[in-house]
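Residue-level structure breakdown
Spelled out from the first residue to the last, the chains are:
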Amino acid sequence: MNCLTIAAQAGRFPNVVAILGSMAASRSPLSRLFTVLLAGVLAGLALAVAALPGNLLLGLGARSALGSYAALPASLKTPATPQRSYLYANDGKTLITTFYDVNRTDVPLSEIAPVMRQAIVAAEDRRFYDHGGADLRGLARALVANVKGGGTEQGGSTLTMQYVRNVLKTDPTRTAEERAAATDPTVGRKIQEIRYASALDKSLGKDEILDRYLNIAYFGSGAYGVAAASQRYFGKPPAQLTLAESALLAGLVQSPDAYSPISGDKDEALTRRSYVLDSMVATNAITAAQAAQAKAEPLALHATAQPNGCTAVSQGHDDWGFFCDYLRQWWLTQPAFGATVAEREQALRSGGYTVVTSLDPKIQATAQKQATKVYSYDNKRALPIAAVQPGTGQVLAMAVNRHYSLADNPAGQANYPNTVNPLISGGASVDGYQAGSTFKLFTMLAALESGRTLSTGFDAPAKLPTRYAAEGPGSCDGHWCPANANPDWMDGYRMMWDGFGRSVNTYFVWLAEQVGQAKVVEMAQRLGITFRADSDAAFAKNNAANWGSFTLGVAATTPLDLANAYATVAAEGTYCTPVPVVSVTAANGEKVPVGQPSCKRVLDPDVARAATDAARCPVGQQSAFGQCNGGTATGVNDILDGRPVAGKTGSSEENSTETFVGFTPQVAVAGIAANPDDPADSVGSAVQGKVIDAVARVIATAVQGQPEKAFVAPSHELAGDAHRPVQRPAVPDRPQPPATEEPRSPLQRWLDRRG
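Residues numbered from 1 in each chain as written. Predicted model: local features only at pLDDT ≥ 70, side-chain atom pairs only at ≥ 80, totals over all residues. Heavy atoms only, no water.

With that settled, the discussion passes to the confidence of the model for the protein chain. Taken as a whole, the protein chain shows an average pLDDT of 85; of its residues, 84% reach a score of 70 or greater. Note that pLDDT drops below 50 for residues 1-66; the model gives that stretch 81 contacts with residues more than four away or on any other chain. Confidence over residues 150-154 falls short of pLDDT 50; this stretch has 8 contacts with residues more than four positions distant or in other chains. (pLDDT = per-residue confidence, 0-100. Contact = heavy atoms within 4.5 Å.)

Right, let's get into the pairing of strand β5 (residues 354-357). Bridge count between strand β1 (residues 85-88) and β5: 3 bridges; the pairing is parallel. The residue bridging L87 from the neighbouring strand is V355, located in β5. One ladder, built from 4 bridges, connects β5 with strand β15 (residues 581-585); its direction is antiparallel. When the sheet's bridge partners are listed, T354 is paired in β15 with T585. (Pairing = 2+ DSSP bridges. Helix = DSSP H or I, 4+ residues; strand = E, 2+ residues; numbered from the N terminus.)

Counted under the stated rule, the structure contains 4 disulfides. For C476, the disulfide goes to C481, at an S-S distance of 2.0 Å. One quick way to see it: the torsion about the S-S bond of C476 and C481 is about -70°, and its sign makes the bridge left-handed. Given the relative accessible area of 0%, C481 is considered buried. The side chain of C576 participates in a disulfide bridge whose partner is C599; the two sulfur atoms lie 2.1 Å from each other. (Disulfide = S-S within 2.5 Å. Buried < 20%, exposed > 50% of the residue type's maximum accessible area, 1.4 Å probe, protein only.)

Below, the discussion takes up helix α19 (residues 361-374). Over its 14 residues, α19 runs 20 Å from end to end, which matches the ideal 20 Å to within 8%, given 1.5 Å per residue. Listed in full, the buried residues belonging to α19 are I363, Q364, T366, A367, Q368, Q370, A371 and V374. Residues of α19 that are buried in the fold lie against α17 (320-331), β6 (385-388), β7 (395-399) and α29 (688-703). N-cap assignment for α19: the residue whose side-chain oxygen lies 3.0 Å from the backbone N of K362 is D360. (Expected span 1.5 Å × (residues − 1). Polar contact = N/O pair within 3.5 Å; in protein donor to acceptor, adjacent residues only side chain to side chain.)

This part takes up the environment of V584. Within the secondary structure layout, V584 lies in strand β15. Classification of V584 by relative accessible area gives buried; the value is 1%. It is 5.8 Å that separates the C-alpha atoms of V584 and T354, two residues lying 230 residues apart in sequence. Sequence-distant contacts of V584, defined by excluding residues within four places in its chain, comprise W331, F337, Y353, T354, V355, E590, K591, V592 and V594.

This part covers the pattern of salt bridges. Oppositely charged side chains can pair when the atoms bearing their charge come close. For the coordinates displayed, the defined rule picks out 19 salt bridges. Across the pair R532 and D561 runs a salt bridge, and its minimum N-O distance is 2.8 Å. Here D561 lies in helix α26 (residues 559-570) and R532 lies in the loop between α24 (517-526) and α25 (534-542), a separation of 29 residues in the sequence. Residue classification places R532 among the partly exposed residues on the basis of a relative accessible area of 23%. We classify D561 as buried; its relative accessible area is 8%. Where salt bridges share partners, they join R165, R189, K190 and E193 into one cluster. (Salt bridge = Lys/Arg side-chain N within 4 Å of Asp/Glu carboxyl O.)

This part covers the sheet that holds strand β18 (residues 658-663). What the 5 strands build is an open sheet, ordered β7-β6-β19-β18-β17; its pairing is antiparallel. Both edges of this open sheet fall to β7 and β17 (646-651), since each of them pairs with a single strand only. Pairs of neighbouring strands in the sheet enclose a mean axial angle of 5°, with direction left out of account. Of the strand pairs in this sheet, β17 and β18 are connected by 6 bridges, and their pairing is antiparallel. When the bridges of β18 are listed, T649 appears paired with F660. Those strands touched by α29 are β17, β18 and β19 (668-673), and its axis lies near 25° from that of β18. (Axes fitted to C-alpha atoms, helices over the stretch in contact; angles between N-to-C directions.)

Sheet architecture is open: 4 strands sit in the order β2-β1-β5-β15, paired in mixed fashion. One side of each edge strand has no neighbouring strand; the edge strands of this open sheet are β2 (95-99) and β15. Taken over all neighbouring pairs, the strand axes of this sheet differ in orientation by 15° on average, direction set aside. The strands touched by α17 are β1, β2, β5 and β15; relative to β2, the strand with the most contacts, the crossing angle is about 45°.

Here it is in structure tokens:
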């Protein structure tokens, strides 16, 4: 067969030209003719050189395709291939979800079954351990086979050449044009590929090249690399692959989408499996009997789709999506992952990070159970709950009676049962909810910090005329006139202990006036309360000194902010920025310096201890100085079985929200019952007891198995004259009311709003 005849036949086989780097179809007819003639000449030459001794051929190849490792692109030396990032709960084992653009995870060769390594060599490059990166004998054989025809057209690329091509076409550091050029059907590209492969072969061991190849090859159905493929098709790590499974995966590489038994042709996949098994017999990797036994095995798939993103969390745990979304928002603010938000997003989706989050599955499960016990998923009202660890700021749980999902809701139901809005942490369109009297904590702290003591007394009236101007029939001589929710139980001489325990409005409005409203607002901000509502932010910035009703909790907040503010008191005045991670490890195994607790002292420890001492009163416990005489959430003591605990209830106007936040030295938990879509929809006072119970049971779960820690008593200086007999107006000894703060009159509520 002369060269012209071979060239003429080669022209009928486009893949022949591809093997040698054929010209693009867009080239001129003259160029295409030259390419075909060149292919024919080289094919004729190949018939001759195919008979040369192997070592001589390898020597010719090494000299003609000589390449320098130093001159290789950086990505070939240290591949920057995209990998999937994993999010785990705080146990480091419970998978929350993964993030990826490309479903891929690197594994070392030692974690890949030996039969898988043998199968890929037999399927794609039988002479892998003999050639120098570019196999001229293989190129010649493929070319001659394609010229003769009569079967499937063959390629001539070695595993090393395929690795080069895969790296260059997926390298995220290269432009789109450069990545596309990695697969151009040109002579220049093919020669470059051979040179690069030769340089790699001289500088890297064969096992290193095989390791890199197995971690980047595409196996179909969205799986890149053998680890992703093993999970995708068989639901197992690559170390556990059987002979039949390995042969099937190795067979997919030639035509991943066509042969995929999930999305392609199962019969073709089995045919390719048989081919690979026969090739393994030919390379002496297995015996003919082993091959026959593997061929007889049925196709046993265990297709497993890897979750991608927060809306694809583990089945049955879509409540984790709210925490996942909070983590993602945190991630996008961290400069360690990129200079811009876009770069940080890309890092999460392709950086191969292992993220151990702060989410505690046990606490999360209890919080979700309690949230849905109070309100079902189909209820328009919600109970978002957050749990935070004092002293670290680690967010332990974020639950709400909603599915974190993009699924459509029934007509007329904007945010339930499905939503991706941050109902627990706030942000985006969620400003938060009024938390009522829980804000009295900030007034008490500001007063203690200014030199007042827990013994600061005031004869609290049923109504208190203030200096803040207000109009209307419910005003007191033209001034804002707040009232106690339950006068019979709240009025009379009060100190901080029983004023806080009984939630006496007039006591705390009076106390805020003594301290200065601006100091109270600043204290709340110091402890992490963020004003997301524009009206609240404007009032705090421009008119804080006249924000008379602030101490009654009229500003919007979130369970996460509130829990963390109370966690600051639990940590004796150390504020920690909320953080959703324990550790972040890069794909190379190095720890990323993010996620460590970021804490600072914002309160004198004695001030925090004094506030905690008063906060023992609402939950049915006793202060260190014996001054508690009633509380609005006394059942908490029973749920915690007497374990040291503190907290506060809160009811907003018309009981539109009901709140409870409780804490021990180890955990702070807050829950706010509200209608996220309609602030005017009153949840009612009856639900407050359920909210208290729900939060208390989350606390109980969080401290289960932990040593009991006592609160440190405040100094006698901050306690004041607690033990000195005080002349007080007589207060009838009445039974405690239900654990709720009764609504104020419509007129008084209007006046409160004006305040």
